[in-house]
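Below are the chains, spelled out letter by letter.
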Amino acid sequence: MSRRPTTRRLPSASVVGALPADTDRDTLAAIGIGNPLVPMQEAPRVTATHPRVLAALGGSADPELRRVAVAAGNVVDPEIPVLTLADLGVLRRVYRPVEPDGKIVVALTPTYSGCPATATMAADVVRAAADLRSAVAVEFVLVPAWTTDDMSEQAGAALREFGIAPPGARPDPAGPIPLSLSVRCPHCDSRDTRRTSRFGSTSCKAMWACQQCSEPFEEFKVL
Amino acid sequence: MTPQLVSATAPNGADHAAVPSSRQADMADMADMAEYLLWLGDDALVSAQRLGEWITNAPELEEDVALGNIGLDQLGQARALLSYAGELLGRNEDELAYFRDDVDFRCTHLVSLPRGDFADAVVRLLLVGAYSEQLYAALTTSADERLAGIAAKAIKEVRYHVEHAAGWAVRLGDGTDESHRRMQDALNRAWPYLDELFDPHPLTDHLDGIAVDPATLKEPALQRITAVLDEATLTVPATQRVAGGGRDGRPSEHLGPMLAVMQVLARAHPGASW
Ligand SMILES: [Zn+2]
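Bear in mind that the values here come from a model prediction, so they are computed numbers and not experimental data.

Engineer: Would you mind showing me how to read the domain arrangement of chain A here?
Structural biologist: Interfaces are often described in size by the accessible area the parts lose on coming together. Residue and element names in this part refer to chain A. We note that the domain assignment places domain 1 (51–150) and domain 2 (164–220) within chain A. One C-alpha centre belongs to domain 1, the other to domain 2, and the line joining them spans 29 Å. Counting residues at the interface gives nine residues for domain 1, matched by eight residues for domain 2. Surface buried jointly by domain 1 and domain 2 totals about 750 Å² across both partners, of which 71% is contributed by carbon and sulfur atoms. For the domain 1 face of the interface with domain 2, the top three residues by lost area are Ile80, Tyr112 and Thr148, together amounting to 54%. Our count for the domain 1 to domain 2 interface comes out at zero residue pairs in polar contact (both at pLDDT 80 or more).

The following block contains the structure:
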């Protein structure tokens with residue numbers, strides 16, 4: 001089993017910038033700099049009972065399909081490594097092809113049309129299945145279109161912990177024109193925040209700043 | 001290269017072959033369908049390329065990122081559309097993007113205009129976005145399920161792009177004398193190209209139920225545009241339209257030089273991957 005990439009939240013730039021050059025190791029360690037004992041945040045482990053894995057299998061009891069579905073579900077988003085494909089909701093189906101000798105098919109759906117991470121996700125799924133000695137082909141399906149509602153509740157918690165504000169509820173298209181509600185700061189929980197840009201480092205994120213704790217943060221946009 | 005986008009409802013070639021009498025009609029339909037997909041895919045691709053030119057040239061870093069991201073969304077839409085067209089034509093998306101000449105493209109003139117001022121980018125994003133918003137909304141109910149799926153994906157992205165353009169249009173249009181003047185100049189430059197987007201064309205009649213008659217998109221798109229222009233204190237120009245002809249292989253004079261930049265690497269090193 002290949003080890004999943006692990007990550008941890010880096011100390012904020014404002015903290016680092018405020019430190020005098022001769023700060024001693026203990027002080028640095030206390031705020032998580034250069035301290036190997038600070039736990040790395042890992043994506044929550046996906047098991048065969050994860051709702052997305054069950055849905056992808058569509059009731060199949062085929063043990064190889066189940067192993068592949070769990071492995072594919074545990075692949076993480078290369079841009080946001082605390083989100084598994086199962087929690088992100090992009091794992092759609094795992095099935096055997098019509099041709100008897102064909103590869104098992106893992107169907108994914110892209111989050112955004114041009115998201116460059118989809119290619120990496122596909123390659124990682126193929127690799128994760130190969131670790132189990134299963135040959136798979138990845139296909140991308142667009143229908144129905146992915147929405148942030150496809151993300152699990154676990155995904156929201158993992159994002160917040162990672163320092164990214166999770167997406168809010170999707171506005172009711174039949175309802176009144178939605179007001180732009182402020183987004184809660186993932187660092188200090190304040191609602192006193194303002195959006196600094198509609199676009200962030202990836203298609204799925206916008207940039208915000210917290211007026212309470214002064215930290216910048218990203219928001220996973222509602223889609 | 002990334003895996004091809006496929007839909008659960010990909011056309012089944014075996015079914016076509018089984019009924020020879022309907023095959024010719026199917027072939028004609030496929031050619032029309034491919035042509036329509038080139039309309040949409042080429043608009044998205046060329047617009048994405050122009051937006052990409054803004055990276056490192058926008059007025060602020062956030063805007064470099066924003067225009068780059070919008071271009072990336074459009075590039076994703078273009079890939080889905082051109083992959084589909086390519087399957088019908090027996091060519092792949094890269095061949096369609098890199099190995100066609102300007103007269104083989106089917107994009108409108110508006111998307112291929114040179115980068116210009118930042119105000120030009122804002123105006124163009126607003127005009128093209130308002131058109132695309134109506135187009136993709138209508139296509140979500142296309143009888144072609146694969147196209148409907150691409151549209152359902154694209155519409156959510158395009159709405160966000162239009163909001164972004166509208167925000168800038170109001171901020172600059174209702175801003176300083178200088179920003180107002182530059183926005184109005186940009187609007188005056190772009191306006192003659194707007195009508196081409198809504199020109200009726202026999203192709204969409206052939207694809208009844210699948211494609212959308214562009215003329216039907218004009219009124220709702222103009223409503224959206226003029227509402228923004230009002231708020232931005234900008235005036236709808238009273239200018240004559242230009243001839244257009246992009247859908248029929250008469251591209252703007254600006255498309256060729258843009259393609260030269262976009263295609264040079266793929267043509268100098270055929271088969272290269274990166
Ligand atoms: Zn805060």
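Resuming the write-up.
Engineer: What is the right way to look at the nonpolar core in this model?
Structural biologist: Generally speaking, soluble globular proteins have nonpolar side chains that are buried together. Core analysis: the biggest nonpolar cluster contains 92 residues, and Tyr36 and Leu139 of chain B have the highest contact counts within it. Formed by 44 residues, the second largest nonpolar core is a distinct cluster that contains Ala71, Val75, Val106 and Val138 of chain A.

Engineer: What is the right way to read the sheet that holds strand β1 (residues 91–95) of chain A from this model?
Structural biologist: Within a sheet, each strand pairs with its neighbour through backbone hydrogen bonds, oriented either parallel or antiparallel. Residues and elements named next belong to chain A. Strand order in the open sheet made by the three strands is β1-β2-β3, with mixed pairing throughout. Edge positions in the sheet fall to β1 and β3 (136–140), since each has one partner strand and no second. The sheet shows a mean angle of 20 degrees between the axes of neighbouring strands, direction not considered. Strand direction decides the pairing type here: β1 and strand β2 (residues 104–108), joined by four bridges, are antiparallel. Paired with Leu91 across the two strands is Leu108, which belongs to β2. Packing against the sheet, helix α4 (residues 63–74) makes contact with β1, β2 and β3, and its axis sits at approximately 155 degrees to β1.

Engineer: Can you walk me through the environment of Leu51 of chain B in this structure?
Structural biologist: All names here are of chain B. Relative to the helices and strands, Leu51 is located in helix α2 (residues 20–52). You can call Leu51 buried: its relative accessible area is 7%. Residues Leu51 and Arg115, spaced 64 residues apart in sequence, show a C-alpha to C-alpha distance of 7.8 Å. Excluding its chain neighbours within four sequence positions, the residues that come into contact with Leu51 are Leu67, Ile70, Gly71, Gln74 and Leu125.

Engineer: Sorry if this is basic, but what is going on with unusual backbone geometry here?
Structural biologist: As a rule of thumb, non-glycine residues mostly have phi less than zero, and peptide bonds are mostly trans rather than cis. Across the junction of Val143 of chain A and Pro144 of chain A, the peptide omega takes the value -10 degrees, indicating a cis bond. Positionally, Pro144 of chain A belongs in the loop between β3 and α7 (153–162). Within the chain, Arg133 of chain A stands out as a residue other than glycine whose phi angle is a positive 60 degrees. With respect to the helices and strands, Arg133 of chain A occurs in the loop between α6 (117–131) and β3. For Arg133 of chain A, a relative accessible area of 79% translates into the label exposed. For Thr233 of chain B, which is not glycine, the phi torsion reads 55 degrees and is therefore positive. Tracing the sequence through the fold places Thr233 of chain B in the loop between α10 (218–231) and α11 (255–268).

Engineer: Mind showing me how you'd approach the sheet that holds strand β7 (residues 216–220) of chain A here?
Structural biologist: Residues and elements named next belong to chain A. Read across the open sheet, the four strands follow the order β4-β7-β6-β5; overall the sheet is mixed. The sheet is open, and its two edges are formed by β4 (164–165) and β5 (193–197), each paired on a single side. Taken together, the five bridges between strand β6 (residues 205–210) and β7 define a ladder with antiparallel strand orientation. Bridging across to β7, Trp208 finds its partner in Phe217.

Engineer: How should the confidence of the model for chain A be read in this particular structure?
Structural biologist: Close inspection of predicted coordinates is inappropriate for parts of the model with low pLDDT. Residues of chain A with pLDDT of at least 70 account for 79%, and the chain-wide mean is 85. Here residues 1–9 of chain A is modelled with pLDDT under 50, and outside its nearest four sequence neighbours on either side it reaches 31 contacts, counting other chains as well.

Engineer: Would you take a moment to explain the coordination of the zinc ion for this structure?
Structural biologist: Residue and element names in this part refer to chain A. Surrounding the zinc ion are the protein donor atoms Cys185 (SG), Cys188 (SG), Cys210 (SG) and Cys213 (SG), which sit 2.3 to 2.4 Å from the metal. Each of the four donor atoms bound to the zinc ion contributes to angles spanning 102 to 113 degrees, and the resulting shape is tetrahedral. Sequence spacing of the donors to the zinc ion: C-x2-C-x21-C-x2-C.

Engineer: Teacher, can you tell me more about the pattern of salt bridges here?
Structural biologist: If the charged atoms of two oppositely charged side chains come close together, the side chains can form a pair. Residue and element names in this part refer to chain B. Taken as a whole and judged by the stated rule, the model has 21 salt bridges over all chains. Between Arg146 and Glu87 there is a salt bridge, with its nearest N and O atoms 3.0 Å apart. Taken together, the positions of Arg146 in helix α7 (residues 145–173) and Glu87 in helix α3 (residues 61–89) put the pair 59 residues apart, joining distant regions of the chain. By relative accessible area, Arg146 is classed as buried at 4%.

Conventions adopted
The residue numbering used here restarts from 1 in each chain and proceeds along that chain's sequence as written. Throughout, the order in which chains and ligands are written sets their labels, letters from A for the former and numbers from 1 for the latter. Local features in this predicted model are restricted to residues whose pLDDT is 70 or higher, and side-chain atom pairs enter the listing and the counts only when it is 80 or higher, whereas totals over whole chains, interfaces and linings include all residues. Side-chain metrics rest on all non-hydrogen atoms present in the structure, leaving aside hydrogens and water. Residue ranges for the domains originate in an automatic or database domain assignment. Every residue pair with non-hydrogen atoms within 4.5 Å of one another is taken to be in contact. Buried area, as used here, totals the accessible surface that two parts lose on assembly, with accessibility defined by a 1.4 Å probe and the loss added over both. In the analysis that follows, any N or O atom pair within 3.5 Å is treated as a polar contact, provided that within protein one partner can donate a hydrogen and the other can accept it, and provided that, for residues neighboring in sequence, both atoms belong to side chains. The set of buried Ala, Val, Leu, Ile, Met, Phe, Trp, Tyr and Cys residues whose side-chain atoms join them within 4.5 Å is what this entry labels a nonpolar core. When a residue's accessible area, from a 1.4 Å probe over protein chains only, is under 20% of the maximum for its type it is buried; when over 50% it is exposed; and in between it is partly exposed. Pairing between two strands is assigned when DSSP locates at least 2 bridges connecting them. Counting from the N terminus, the helices are DSSP H or I runs at least four residues long and the strands are E runs at least two residues long. Angles here are taken between N-to-C directions and fall from 0 to 180 degrees, while the axes themselves are lines fitted to C-alpha atoms, restricted in helices to the stretch in contact. pLDDT: the predictor's confidence for each residue, scored from 0 to 100. For Na, K and Ca the donor cutoff is 3.2 Å, while for all other metals N, O and S atoms must lie within 2.8 Å; water is not among the atoms, so some sites may look incomplete. Labels for metal geometry use angle windows, namely 85 to 135 degrees for all angles of a four-donor tetrahedral site, and for square planar (four donors) or octahedral (six donors) sites opposite donors over 155 degrees apart plus all others within 65 to 115; sites meeting none of these are irregular. Definition used for salt bridges: Asp or Glu carboxyl oxygen within 4 Å of a side-chain nitrogen of Lys or Arg.

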